[in-house]
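The chain contents come next:
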Amino acid sequence: GRVEVIYSSDLVRASATAEEIAKRLGVKLQLKKEFREKCLGVMEGLTLQEARKKVPDAFDKWRKGRVVPGSEDKLSVQSRLQSALDDIEKDFGGRKVVVVTHGGILNSIHRLITGIKFPGKIPNTSLSTIFKAHGSDKWEIGTFALCDHLTAAGVEFDNRAFGGVGETG
C-alpha cells in the first residue's frame, strides 16, 4: 500500500533524510521528538574525540555500556518509543507509515519488541519493518537493518554508526 505519512526525529541528521523521502513520495512529514536519539548527558553534542578529551570518565562509561552522567536511561527511551508507536497505531493502524530515526533508537525498538539488543550493526540508511498482525496487540519485526536497497543500486556505503564516520556521539 501507499505510505500515508512520514514521521522523523526532529534532529537534522534524520529529518533531512525524511524531508527528501517525503518530497519524493508526496506525503506529509511530521517531526516527533520521541524518535530522537538517546540523550547522552554530558557527552551530548560532542564528537567522540571531544568527549574523549573533555569528559574522559563519561566517555569510558559510555564505551563500556554504562550510564553516562545526565544521560537518558534505557527504560525512559523505551517508554517514549512505546508511546510514539502507540500514537502512530492509534492514528494510522493497519496503514503504511515511514519512521526516520537513529541507530540507537532502532536498537531500542528492537529491544522493546524482542527483549534483546539487535545482535548486529545498524547501518545508516538501513531499512527495518515492524508491524502488528491483524488482531494482535504485539509488535513484530519483519526485517531489520537491511541495506539491500543500497547494494542493489550499486551504492557504496560506510556501515559504521555515528554519521558513517564514527565521529559524533
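Predicted model only: the values in this text are computed from it and were never measured.

Looking at this structure, I do not really get the packing of helix α4 (residues 74-92) against helix α5 (residues 103-114). What am I missing?
Between two packed helices, the angle of one axis relative to the other and the distance separating the axes together describe the packing. Taken N-terminus to C-terminus, the directions of α4 and α5 make an angle of 80°; their axes are 10 Å apart at the nearest point. The angle between α4 and α5 falls in the class roughly perpendicular. Where α4 approaches α5, its residues K74, V77, Q78, R80, L81, Q82 and L85 are matched on the opposing element by I105, S108, I109, R111 and L112. Tallied by class, residues from the contact of α4 with α5 come to six nonpolar, three polar and three charged.

Teacher, can you tell me more about the environment of T17 here?
Tracing the sequence through the fold places T17 in helix α1 (residues 12-25). In this structure the C-alpha to C-alpha distance between T17 and L81, which are 64 residues apart in sequence, comes to 20 Å.

Looking at this structure, how should I read the packing of aromatic side chains?
Each aromatic ring pair is characterised by the separation of its centres together with the angle its planes make. Tallied over the entire structure, the rule returns three aromatic pairs. Taken together, a centroid distance of 6.3 Å and an interplanar angle of 75° make the contact between Y7 and F92 edge-to-face. Here the residue Y7 occupies a position in strand β1 (residues 3-8), and F92 occupies one in helix α4, the gap between them amounting to 85 residues. For F92, a relative accessible area of 16% puts it in the buried group. Look at F118 and F144: their rings are 4.8 Å apart centre to centre, the planes differ by 45°, and that puts the pair in the tilted class. Taken together, the residues F118 in the loop between α5 and β4 (127-132) and F144 in strand β5 (residues 139-146) connect sequence positions 26 residues apart.

Quick question: what am I supposed to make of the pairing of β1 here?
For β1, the buried fraction is high: five of the six residues fall into the buried class. Here five bridges tie β1 to strand β3 (residues 96-100), and the two strands are oriented parallel to one another. Paired with S8 across the bridge in β3 is V100. Inspection of the sheet shows β1 paired to strand β2 (residues 28-31) by four bridges, in the parallel sense. Within the sheet, the bridge partner assigned to I6 lies in β2 and is L29. Taken together, β1, α1 and β2 form a β-α-β motif whose crossover is right-handed.

Rules used in this analysis
Every chain's residues receive numbers from 1 upward, in the order its sequence appears when written. Where totals are concerned, whole chains, interfaces and linings use all residues; where local detail is concerned, this predicted model gives features only for residues with pLDDT of at least 70, and gives and counts side-chain atom pairs only at 80 or more. Water and hydrogen atoms play no part in the side-chain values, which are based on all heavy atoms of the structure. Interaxial angles span 0 to 180 degrees and are taken between N-to-C directions of axes, which are lines fitted to C-alpha atoms, for helices over the stretch in contact. Each helix is a run of H or I in the DSSP string that is no shorter than four residues. Each strand is a run of E no shorter than two, and both are numbered from the N terminus. For this classification, under 35 degrees means roughly parallel, over 145 means roughly antiparallel, 65 to 115 means roughly perpendicular, and everything else is oblique. When checking whether two residues touch, look at their non-hydrogen atoms; a contact exists if any pair is within 4.5 Å. Polar here means any residue other than Ala, Val, Leu, Ile, Met, Phe, Trp, Tyr, Cys and Pro, which are nonpolar, and Asp, Glu, Lys and Arg, which are charged; Gly is therefore polar. Stacked, edge-to-face and tilted are the three classes for Phe, Tyr and Trp ring pairs, Trp counted by its six-membered ring, which pair at centre distances within 6.5 Å; planes under 30 degrees apart are stacked, over 60 edge-to-face, the rest tilted. In this scheme, a residue with accessible area under 20% of its type's maximum is buried, one over 50% is exposed, and one in between is partly exposed, where area comes from a 1.4 Å probe on protein chains only. Should DSSP find at least two bridges between two strands, the strands are regarded as paired. Crossovers are described as right-handed under a simple rule: with the strands pointing away from the observer, the path leading from the first strand over the helix to the second runs clockwise.

Remember that the coordinates give geometry; whether it matters functionally is a separate question.
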